[in-house]
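# Structure assessment
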Amino acid sequence: MLRISREVESHLFGLVSVNMVRFLVLLAVALVTVVRPVRAAEPQVTIVVSSVDALRADMKYLVQAAPTDALKKEWKNLDETIESFLQGVSSTLPIGFEIQFGAGGTTYQLAVPVSALKGANGFLENVKALGYNIKEDKDGFYILQQAGGGKTPPPPAFLKGAGPKYVYIGEGLKRLGVKLDDPELRLQSLVTSPTDLAVVMANDVAGLDGRRTSFAETRKQLEAGIKFKRGEDEATFKLRELATKQQLAELERFVVEAEQLVVNWSTDDAAGVGHGTFLLKAIADTGLAKSVQLLGQQPSRFAGVKLQPNPVLSGKVNFAIDPMRAQNIEDFLIALEPVALADADQRPHLTADGKATAKSAISQALALIKAGRSMGVFDGFIDLHAAATPGEHGLIAAVRTVNGLAATEIFALIPKIRSDWSFAAGKHSFGGVTVHELGIPERRQTEFRDVFGKSCPAVIYVGVAEDAIWLAAGPEILPKLEAAIEQAATPGEASPTVLTGTIKLGPLVQVLDAQRNRNPLPAGKPKAEVDQRKQADRLRKLAIEAFKSDDDTLVYSLGRDGENVVGDFRAGKAVLKFIGGAIADFSKENLR
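In what follows, the accompanying structure is described. This is a predicted model, so every value here is computed, not measured. Per chain, the residues get numbers from 1 upward, laid out in the order the sequence is written. Local features in this predicted model are restricted to residues of pLDDT 70 or higher, and side-chain atom pairs are both shown and tallied only at a pLDDT of 80 or more, whereas totals for entire chains, interfaces and linings draw on every residue. The basis for every side-chain value is the complete set of heavy atoms in the structure, and neither hydrogens nor water enter the calculation.

## Topic: the overall build of the chain
We count it as follows: Helix and strand definitions follow DSSP, with helices as H or I runs of at least four residues and strands as E runs of at least two, each counted in order from the N terminus. Computation of the radius of gyration draws on C-alpha atoms alone. For the globule rule, the value is 2.2 Å times the number of residues to the power 0.38. Only protein chains enter the accessibility calculation, which uses a 1.4 Å probe. A residue is then buried if its area is under 20% of the maximum for its type, exposed if over 50%, and partly exposed in between. Only four residue types enter the charge count: Lys and Arg as positive, Asp and Glu as negative, with His and the chain ends excluded. Charge coordinates come from a single atom per side chain, which is NZ of Lys, CZ of Arg, CG of Asp or CD of Glu.
Along the backbone of the chain there are 19 helices and 20 strands. The globule rule puts the C-alpha radius of gyration for 592 residues at 25 Å, and the 27 Å found for the chain is close to it. Its C-alpha atoms give the chain principal-axis dimensions of about 85 × 55 × 50 Å. In the chain, which comprises 592 residues, the proportion classed as buried is 45%. Seen as two clouds, the 69 positive and the 70 negative side-chain charges of the chain have centres 5 Å apart.

Structure representation (structure tokens):
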């Protein structure tokens, strides 16, 4: 079958998911770069932990829920480590990390509740113990200079009291003036029970143009950091550069045009559930607001499809694509094509004819995706579910498209790329959907059966219709595919919910474990890579233990509520066990 390199695969994944991990990293960088505690009419980001006591209680619950007795015992070491940093800190009040920007530049600082500032048990002695020299200036600021900084010591930080119970600490703190606000009531309002952690971004509507100007400078700085990598060809660099610029354009809309963005998280120790919520409110008449208004306006092509019980990786998406994102998709596909074609030319196991056919299939597939931008929506579903026999799974998936019949020719090219694949056209027909059979070669069947089971035929069923492409695999899957196609024939109504899903982590980790065990790290790799693999192996084993019992599911949803975007995320008890195990493992490896 046509394969793509990890580099190209990474870019394709980024196209579908907006390369979420990288997007969040860039968001953090952008916020810290463009964003300054609280002055009216200036945008700010505040990250709040409800209190040290609440944090310790949650961490104790998580670590003592870890999947092994040895890891459970790690709480003593972790708790002692936390305690060593708490001299002079009040354990009952919220802790805040604040970021704000304005004409004076970026300022970010920590708001720490203190039980005592000076004296043998005061907070200043705590700071000294962390390796800082402290000197008070005439304005009441304490200058914190890291000891042993060498010839070019890092810039100093500043500390100053704010109200009777708090101090602020930050490098740019003096820019805010001599008098600082008391953050106590504001921070407490952001973490009302049961919230344990909150991330809040608030923008003043009047500051829209100023933020846009500030972000333009930020973009310039970030884009200047995009450099050629050693051995990278020009087409790959251009694709990576374009992807970064497009992500920054998305970031600009969120950072500049969002009036409010709130993420809350709580851990319910009694119920063994983690719960997160998301809220986005856009400033009226901005590009971000217009993109929000498009959500939920079109009914899904697959609204009538009933997902199977016992989901493993299951969900629906019907996400509207506004003109900016549609143009970004087209530009990305144009830049992706030369990279993907060059990758096909480098495949050592392909003949000259196979490479030529692979390049033809790539061009046709990208053209089909590009044509889909005219629909203005990404509409599809995936339904990977447990089958009747333990260890076996079934898959049904579909995506709305234009000229889906063209996919037949693309799939028919696969045996011409590598002859051990097979393609049987028109083997079945359900509700106007023609279903072909794509035969898996023997060299790929072990991985295939890791997911679908030993008794499953090594076949992927490909259904094509004018407006959709269907995929299915697994034991006794054809009747389920036929039922889903019939259900999709009934028109549905538009729904404000644009994304829903369930992920059951246990089976997915088992598949990953089987494949990793068959593909050990080759000898001679650098120590850093070996250590990274060892850490990943430890975490994977922890996950297997954690997900053996209890609820190992993640359930999420995203949708429009009036003019706002709202989201919900829930993690089951076994997921919390794994998180606790990972915390304990970090403590064991790094804090002893």
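## Focus on the pairing of strand S6 (residues 157-162)
Stated formally: Criterion used throughout: strands pair if DSSP finds at least two bridges between them.
Among the six residues in S6, five count as buried, and that is most of the element. With three bridges connecting them, strand S5 (residues 142-146) and S6 associate as antiparallel partners. Its bridge partner lying in S6, Leu144 is registered against Ala157. Here S6 runs beside strand S7 (residues 166-170); their pairing, made up of five bridges, is antiparallel. Each residue of the ladder has a partner; that of Leu159, found in S7, is Ile169.

## Points about the side chain of Asp552
Our working definition: Here, two residues are considered to be in contact whenever any of their heavy atoms come within 4.5 Å of each other.
Mapping Asp552 onto the fold places it in the loop between helix H18 (527-546) and strand S19 (553-561). Aside from chain neighbours lying at most four places away, what touches Asp552 is Ile503, Lys504, Leu505, Gly506, Pro507, Phe547, Ala574 and Val575.

## Let's talk about the side chain of Asp379
What counts is decided by this rule: Put simply, a salt bridge is a Lys or Arg side-chain nitrogen that is within 4 Å of an Asp or Glu carboxyl oxygen. For this analysis, a polar contact is any N or O atom pair within 3.5 Å, provided that within protein one partner can donate a hydrogen and the other can accept it, and provided that sequence-adjacent residues contribute only side-chain to side-chain pairs.
Turning to its location among the elements, Asp379 is positioned in strand S12 (residues 377-386). Buried and without a salt bridge, Asp379 has Arg400 as its closest oppositely charged side chain, separated by 4.1 Å. Separated by 2.6 Å, the side chain of Asp379 and the backbone nitrogen of Arg301 make a polar contact. If sequence neighbours within four positions are ignored, Asp379 has contacts with Pro299, Ser300, Arg301, Phe302, Val317, Asn318, Ala398, Val399 and Arg400.

## Section: the packing of aromatic side chains
For clarity, the threshold we go by: Each aromatic pair joins two rings of Phe, Tyr and Trp (for Trp, the six-membered one) with centres within 6.5 Å, and gets the label stacked for planes under 30 degrees apart, edge-to-face for over 60, and tilted for any other angle. Placement of a positive charge over a ring is assigned whenever Lys NZ or Arg CZ falls within 6 Å of the ring centre and within 35 degrees of the normal to the ring plane.
For the structure shown, the criterion picks out eight aromatic pairs. Between Phe547 and Phe578, the aromatic rings sit 5.8 Å apart at their centres with planes inclined by 45 degrees, giving tilted as the arrangement. Within this pair, whereas Phe547 is found in the loop between H18 and S19, its partner Phe578 is found in helix H19 (residues 573-590), the two being separated by 31 residues in sequence. Using a relative accessible area of 10% as the deciding quantity, one classes Phe547 as buried. Here the aromatic residues Phe302, Phe381 and Trp470 are joined through ring pairs into a cluster of three or more. One residue, Lys160, lies across the ring of Phe141, its end atom 5.6 Å from the ring centre.

## Side note on the packing of helix H11 (residues 323-345) against helix H12 (residues 352-371)
The following threshold applies: Every axis in this analysis is a line fitted to C-alpha atoms, fitted for helices over the stretch in contact. Angles between the N-to-C directions lie between 0 and 180 degrees. Here the word oblique covers every angle except those under 35 degrees (roughly parallel), over 145 (roughly antiparallel) and from 65 to 115 (roughly perpendicular). Crossings are sorted by hand: turned counterclockwise from the far helix by less than a right angle, the near helix makes the crossing left-handed, and turned clockwise it makes it right-handed. When residues are grouped by polarity, Ala, Val, Leu, Ile, Met, Phe, Trp, Tyr, Cys and Pro land in nonpolar, Asp, Glu, Lys and Arg in charged, and all others, Gly among them, in polar.
Where H11 contacts H12, the two axes come as close as 9 Å, and the packing angle between them is 165 degrees. When the interaxial angle is binned, H11 and H12 end up roughly antiparallel. Here H11 and H12 pass one another in a crossing that is right-handed. Residue-level contacts link Glu330, Leu333, Ile334, Leu336, Glu337, Ala340, Leu341, Ala344 and Asp345 of H11 to Lys355, Ala358, Lys359, Ile362, Ser363, Leu366, Ile369 and Lys370 of H12. Here the residues of the contact of H11 with H12 sort into ten nonpolar, one polar and six charged.

## A look at the environment of Val312
Take Val312: it is sitting in strand S11 (residues 311-320). For Val312, a relative accessible area of 2% translates into the label buried. Measuring from C-alpha to C-alpha, the distance between Val312 and Ala365 comes to 28 Å, with 53 residues separating the pair along the chain. Setting aside residues up to four positions removed in sequence, Val312 forms contacts with Leu384, His385, Ala386, His393, Thr502, Ile503, Lys504, Pro507 and Leu508.

## Let's talk about helix H5 (residues 75-83)
Formally: Directions drawn from the helix axis to the C-beta atoms are what define this arc.
Of all the positions in H5, only Trp75, Asn77, Leu78, Thr81 and Ile82 are classed as buried. The buried residues of H5 occupy an angular sector of 165 degrees when projected down its axis, which confines them to one face. Residues of H5 that are buried in the fold lie against helix H3 (52-64), helix H4 (69-72) and H19.

## Focus on the pattern of salt bridges
One pass over the full model with this rule turns up 32 salt bridges. The residue Lys359 makes a salt bridge to Asp345 at a minimum N-O spacing of 3.1 Å. Taken as a pair, Lys359 in helix H12 and Asp345 in helix H11 lie far apart in primary sequence, 14 residues in all. Between Asp585 and Arg538 there is a salt bridge, and its shortest N-O distance comes to 3.0 Å. Of this pair, Asp585 sits in helix H19 while Arg538 sits in helix H18, placing them 47 residues apart in sequence. The exposure class assigned to Asp585 is buried, which follows from its relative accessible area of 7%. A cluster of three or more residues bridged by salt bridges with shared partners is formed by Arg212, Arg219, Glu223, Glu252 and Glu257.

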